[in-house]
Amino acid sequence: LTVTHNGVDSPQSLSLVGQGVVLVVSPQTLSFQSGIGVTSPAQTVTLTNRSANDLTLSFPSLTSGDFNLSLNTCLPILLANSSCTLNITFTPTAMGFTSGLFTVNSDAPDAPKTIYVYGTGTSVVLSPETLTFGPQQLFVPSSSSQSITVLNETGASLPIRGIGITGDYSETNNCLPSIAVEDI
């Protein structure tokens, strides 16, 4: 950068130093929830090389055994201005919160890159996790019912303290006061 002015010490110059982002990881954080021993649906992370040069990648390393790289479309060379994907799953081995790191090494000047993964192992699994109801006319008594299965994966009988629903929905169930251990 050069600044020219009317002073005796004109012009003045200074060097500019910086480093752009070459390898972009998106998203950088993943959050999971799954029953103990049950593999979650995969979540996708995209690696993008924003430089005009090819990058050499080393395959990601992982710091927690509950998280797995289920699919890796990345080759050892990530071509200039291209992307690849990593699919990560979570299979908890215990109840509660756990975390881990995936580290992606490359010859990019901004390497290494870290993907933060968080997961909660649950004792009860609801399947499916989401119900989607189609368009519904106003003031029509009800849409078609949909079912959710509740699985107990605690290893012991699990008392049910309550089942509730909010909003413009209603609920019926055939759950007993406690859920027996799932038969595998």
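Residues numbered from 1 in each chain as written. Predicted model: local features only at pLDDT ≥ 70, side-chain atom pairs only at ≥ 80, totals over all residues. Heavy atoms only, no water.

## Digging into the pattern of salt bridges
Moving on, step 1. The full count for this structure, using the stated rule, is one salt bridge.
Moving on, step 2. A salt bridge links Lys 113 to Asp 110, with the nearest nitrogen and oxygen atoms 3.2 Å apart. Per residue, the accessibility class of Lys 113 equals that of Asp 110, and both read buried. (Salt bridge = Lys/Arg side-chain N within 4 Å of Asp/Glu carboxyl O. Buried < 20%, exposed > 50% of the residue type's maximum accessible area, 1.4 Å probe, protein only.)

## Comments concerning the sheet that holds strand S7 (residues 67-72)
Moving on, step 1. With antiparallel pairing, the four strands of this open sheet are ordered in space as S3-S5-S9-S7. Both edges of this open sheet fall to strand S3 (23-26) and S7, since each of them pairs with a single strand only. Pairs of neighbouring strands in the sheet enclose a mean axial angle of 25°, with direction left out of account.
Moving on, step 2. Here four bridges tie S3 to strand S5 (residues 43-49), and the two strands are oriented antiparallel to one another. Across the sheet, Val 24 pairs through a bridge with Thr 48, a residue of S5. (Pairing = 2+ DSSP bridges. Helix = DSSP H or I, 4+ residues; strand = E, 2+ residues; numbered from the N terminus. Axes fitted to C-alpha atoms, helices over the stretch in contact; angles between N-to-C directions.)

## As for the layout of surface pockets
Moving on, step 1. Here the largest pocket is characterised by a volume of approximately 1400 Å³.
Moving on, step 2. If you trace the largest pocket, you find 37 residues lining it, with Leu 131, Ile 148, Ile 165, Ser 170 and Glu 171 closest to the centre.
Moving on, step 3. Of all elements in the fold, only strand S12 (124-127), strand S13 (149-152) and strand S14 (158-159) reach the threshold of two or more residues within the lining of the largest pocket.
Moving on, step 4. Across the lining of the largest pocket, the residue classes tally to 18 nonpolar, 16 polar and three charged. (1 Å grid on protein atoms, 1.4 Å probe; cavity = no way out; pocket = protein on both sides within 12 Å on 5 of 7 lines; lining within 4 Å. Points joined across faces, edges and corners; volume = space filled by probe spheres on them. Nonpolar A, V, L, I, M, F, W, Y, C, P; charged D, E, K, R; others polar.)

## Notes on the environment of Gly 162
Moving on, step 1. Its location among the elements puts Gly 162 in the loop between S14 and strand S15 (178-179).
Moving on, step 2. Under the relative-accessibility criterion, Gly 162 is labelled exposed at 57%.
Moving on, step 3. Taking the C-alpha atoms as reference points, Gly 162 and Pro 177, separated by 15 residues in sequence, lie 8.9 Å from one another.

## Notes on the confidence of the model for the protein
Moving on, step 1. For the protein, the average pLDDT comes to 83, and 91% of its residues sit at 70 or higher.
Moving on, step 2. Mean pLDDT values over the elements of the protein span from 72, in S14, up to 96, in S5. (pLDDT = per-residue confidence, 0-100.)

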